[in-house]
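The lines below spell out each chain.
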Amino acid sequence: METQQTEKKLCYFCQNKIEKIDFKDAYLLRRFMNSQGKIYPPKRHGTCTHHQRTLANAIKKARTMALVPFVAR
Ligand SMILES: [Zn+2]
């Protein structure tokens, strides 16, 4: 695991003390997805491992509810 502090970027969710990511918050989720509906790699936003996993779950759920697009290929 890389825990080097080369980047000062902080996890958005840690910063805002968001423990549970609301999958209904499509606007927020979209910020962590590219135009094709893919989730950006955690490094891009400095999201920590814990929240990246939570985020991925929220996005998965949001996709099921058709709130955010599926990965377009
Ligand atoms: Zn975090």
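Only a predicted model underlies this, so the values are computations on that prediction, with no experimental measurement involved.

Chemist: How do you make sense of the coordination of the zinc ion when you look at a structure like this?
Modeler: Put simply, a metal with four donors set out as a tetrahedron has ideal angles of 109.5 degrees, and one with six donors set out as an octahedron has ideal angles of 90 or 180 degrees. Protein ligation of the zinc ion involves Cys11 (SG), Cys14 (SG), Cys48 (SG) and His51 (ND1), the donor distances falling in the range 1.9 to 2.3 Å. Seen from the zinc ion, its four donor atoms lie at angles of 103 to 113°, and the figure they make is tetrahedral. Counting gaps between the donor residues of the zinc ion yields the pattern C-x2-C-x33-C-x2-H. Given a relative accessible area of 24%, Cys48 falls into the partly exposed group. For His51, a relative accessible area of 3% puts it in the buried group.

Chemist: Explanation requested: the nonpolar core in the structure shown.
Modeler: Where a protein is soluble and globular, its nonpolar side chains tend to be buried together. One finds Phe13, Ile21, Leu29, Leu55, Ile59 and Val68 to be the most contacted residues of the largest nonpolar core, which totals 14 residues. Counting residues per element, the ones that place at least two in this core are helix H2 (26-31) and helix H4 (49-64). With four residues, the single largest contributor to this core is H4. If sequence neighbours within four positions are ignored, Phe13 has contacts with Ile18, Ile21, Leu28, Phe32, Thr47, His51 and Leu55.

Chemist: What am I meant to see in the environment of Tyr40 here?
Modeler: Checked against the element boundaries, Tyr40 lands in the loop between H2 and helix H3 (42-45). Residues Tyr40 and Ala56, spaced 16 residues apart in sequence, show a C-alpha to C-alpha distance of 10.0 Å.

Chemist: Can you help me understand the packing of aromatic side chains in this one?
Modeler: Given two aromatic rings, one states the distance between the centres and the angle between the planes to describe the pair. Throughout the structure, instances matching the rule amount to three aromatic pairs. Both rings, one in Tyr12 and one in Phe32, keep their centres 5.9 Å apart while their planes meet at 55°; by these two values the pair is tilted. With a gap of 20 residues between them, Tyr12 in helix H1 (residues 12-15) and Phe32 in the loop between H2 and H3 connect regions that are remote in the sequence. By relative accessible area, Tyr12 is classed as partly exposed at 23%. Note on Phe32: relative accessible area 3%, which makes it buried. Taken together, the ring pairs in this structure connect Tyr12, Phe13 and Phe32 into an aromatic cluster. The ring of Tyr40 carries the charged tip of Arg44 above its face, separated from the ring centre by 4.2 Å.

Chemist: Where do I start with the environment of Phe13 in this structure?
Modeler: Locating Phe13 in the fold gives a position in helix H1. Since its relative accessible area comes to 0%, Phe13 is described here as buried. Each C-alpha atom of the pair Phe13 and Cys48 lies 8.5 Å from the other, and the pair is 35 residues apart in sequence.

Definitions and limits used
Residues numbered from 1 in each chain as written. Predicted model: local features only at pLDDT ≥ 70, side-chain atom pairs only at ≥ 80, totals over all residues. Heavy atoms only, no water. Donors = N, O, S within 2.8 Å, 3.2 Å for Na, K, Ca; no water. Tetrahedral: all angles 85-135°; square planar, octahedral: opposite > 155°, others 65-115°. Buried < 20%, exposed > 50% of the residue type's maximum accessible area, 1.4 Å probe, protein only. Core = buried A, V, L, I, M, F, W, Y, C linked by side-chain atoms within 4.5 Å. Helix = DSSP H or I, 4+ residues; strand = E, 2+ residues; numbered from the N terminus. Contact = heavy atoms within 4.5 Å. Phe/Tyr/Trp six-rings, centres within 6.5 Å; stacked < 30°, edge-to-face > 60°. Lys NZ or Arg CZ within 6 Å of the ring centre and 35° of its normal.

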